[in-house]
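Chain by chain, the residues run as shown.
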Amino acid sequence: TLPSQAYVADQLEPIDIQAVHQSCTWLRSHLANRLSNELTETFELTRSTGPYVYNAENAGRRTLNNTLLSLIASVNTPETRQLCLAHFNAADNMTNSIAALGALSHMPSAERDQALQVFEARWTNDSLVMDKWFSVQAISQADDTLTRVRALMDHPLFDLKKPNKVRALIGAFAHGNPPQFHQATGNGYRFLSDRVIAL
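Computed from a predicted model, the values in this text were never measured in an experiment. (Residues numbered from 1 in each chain as written. Predicted model: local features only at pLDDT ≥ 70, side-chain atom pairs only at ≥ 80, totals over all residues. Heavy atoms only, no water.)

### Thoughts on the pattern of salt bridges
Going through the model one piece at a time under the given rule, you end up with seven salt bridges. Measuring nitrogen to oxygen at the nearest pair gives 2.9 Å for the salt bridge that ties D144 to R112. Within this pair, whereas D144 is found in the loop between α8 (127-138) and α9 (145-152), its partner R112 is found in helix α7 (residues 110-123), the two being separated by 32 residues in sequence. Take R112: its relative accessible area is 4%, and that puts it in the buried class. When the shortest N-O distance is used, the salt bridge between R167 and D131 registers 3.8 Å. Separated by 36 residues along the polypeptide, R167 in helix α10 (residues 163-176) and D131 in helix α8 bring together distant segments of the chain. For D131, a relative accessible area of 4% puts it in the buried group. (Salt bridge = Lys/Arg side-chain N within 4 Å of Asp/Glu carboxyl O. Helix = DSSP H or I, 4+ residues; strand = E, 2+ residues; numbered from the N terminus. Buried < 20%, exposed > 50% of the residue type's maximum accessible area, 1.4 Å probe, protein only.)

### As for the packing of aromatic side chains
Within a pair of aromatic rings, the relevant descriptors are the distance that separates the centres and the angle that separates the planes. All chains considered together, the criterion is met by six aromatic pairs. Judged by centre distance (6.1 Å) and plane angle (70 degrees), the rings of F134 and F158 are edge-to-face. A residue pair is termed long-range when its members are at least 10 positions apart, and F134 in helix α8 and F158 in the loop between α9 and α10 qualify at 24 residues. Across the pair, exposure class does not vary: F134 and F158 are buried alike. Taking 5.1 Å as the distance between ring centres and 80 degrees as the angle between the ring planes, the aromatic pair formed by F181 and Y189 counts as edge-to-face. Among the aromatic residues, those joined into a ring-pair cluster are F173, F181, Y189 and F191. (Phe/Tyr/Trp six-rings, centres within 6.5 Å; stacked < 30°, edge-to-face > 60°.)

### Some details on the layout of surface pockets
The calculated volume of the largest pocket comes to roughly 1100 Å³. Looking at the largest pocket, it is lined by 32 residues, and the ones nearest its centre are Q5, R28, S70, H106 and Q141. Listed by contribution, the elements that provide at least two residues to the lining of the largest pocket are α1 (5-10), α2 (17-34), α4 (56-72), α6 (94-105) and α11 (178-181). Considering only residue class, the lining of the largest pocket consists of 16 nonpolar, 14 polar and two charged. By volume, the second largest pocket amounts to about 270 Å³. Lining of the second largest pocket is provided by 18 residues; of these, R47, S48, T49, D92 and N96 occupy positions nearest its centre. Broken down by secondary-structure element, the contributors of at least two residues to the lining of the second largest pocket are α4 and α5 (78-90). In terms of residues, the lining of the second largest pocket owes the most to one element, α4, which gives four residues. (1 Å grid on protein atoms, 1.4 Å probe; cavity = no way out; pocket = protein on both sides within 12 Å on 5 of 7 lines; lining within 4 Å. Points joined across faces, edges and corners; volume = space filled by probe spheres on them. Nonpolar A, V, L, I, M, F, W, Y, C, P; charged D, E, K, R; others polar.)

Interpretation note: all reported values are geometric properties and have no functional meaning in isolation.
Shown next, in the form of structure tokens:
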């Protein structure tokens with residue numbers, strides 16, 4: 001794995017959030033382009049083929065497989081979106097399902113919307129799992145994220161009076177999405193300050 005954006009930012013004084021984001025995004029997509037064949041081949045080789053089993057070996061295989069998927073998805077093409085959607089549809093465990101959903105969340109597309117709708121329909125009666133659904137959308141680095149977060153506040157399952165929901169949506173956006181929260185427009189700060197006042 002590459003160093004996280006948070007780690008890179010910690011090395012700078014002062015911190016330029018947008019420059020860190022652009023540099024890390026460029027490096028990931030550059031590697032994904034240059035190593036496309038190797039990454040795809042290794043992704044296929046590390047796929048789980050049998051039924052879900054929780055043990056160290058299988059957990060490690062899933063982690064490697066999902067890390068490769070995330071790197072492959074750094075390049076937004078119809079092929080990578082279809083790969084992520086197929087991984088999501090084939091998932092027989094939450095780890096793979098959330099990994100694929102997370103990879104798709106950064107790519108505004110019909111595939112992203114389809115996966116989000118399927119996940120919501122499947123887990124709408126499980127409040128804790130739906131917190132993951134809120135968070136995946138809140139940490140998306142797509143340009144439409146703040147608009148989506150605002151819209152999700154009107155979702156029937158979101159409640160500003162429930163700390164877990166606030167953490168899953170508003171907290172995830174403010175703490176887990178530096179490039180969108182720290183927009184030069186100040187919209188992220190205004191959004192958070194308005195929510196603090198409301199709370």
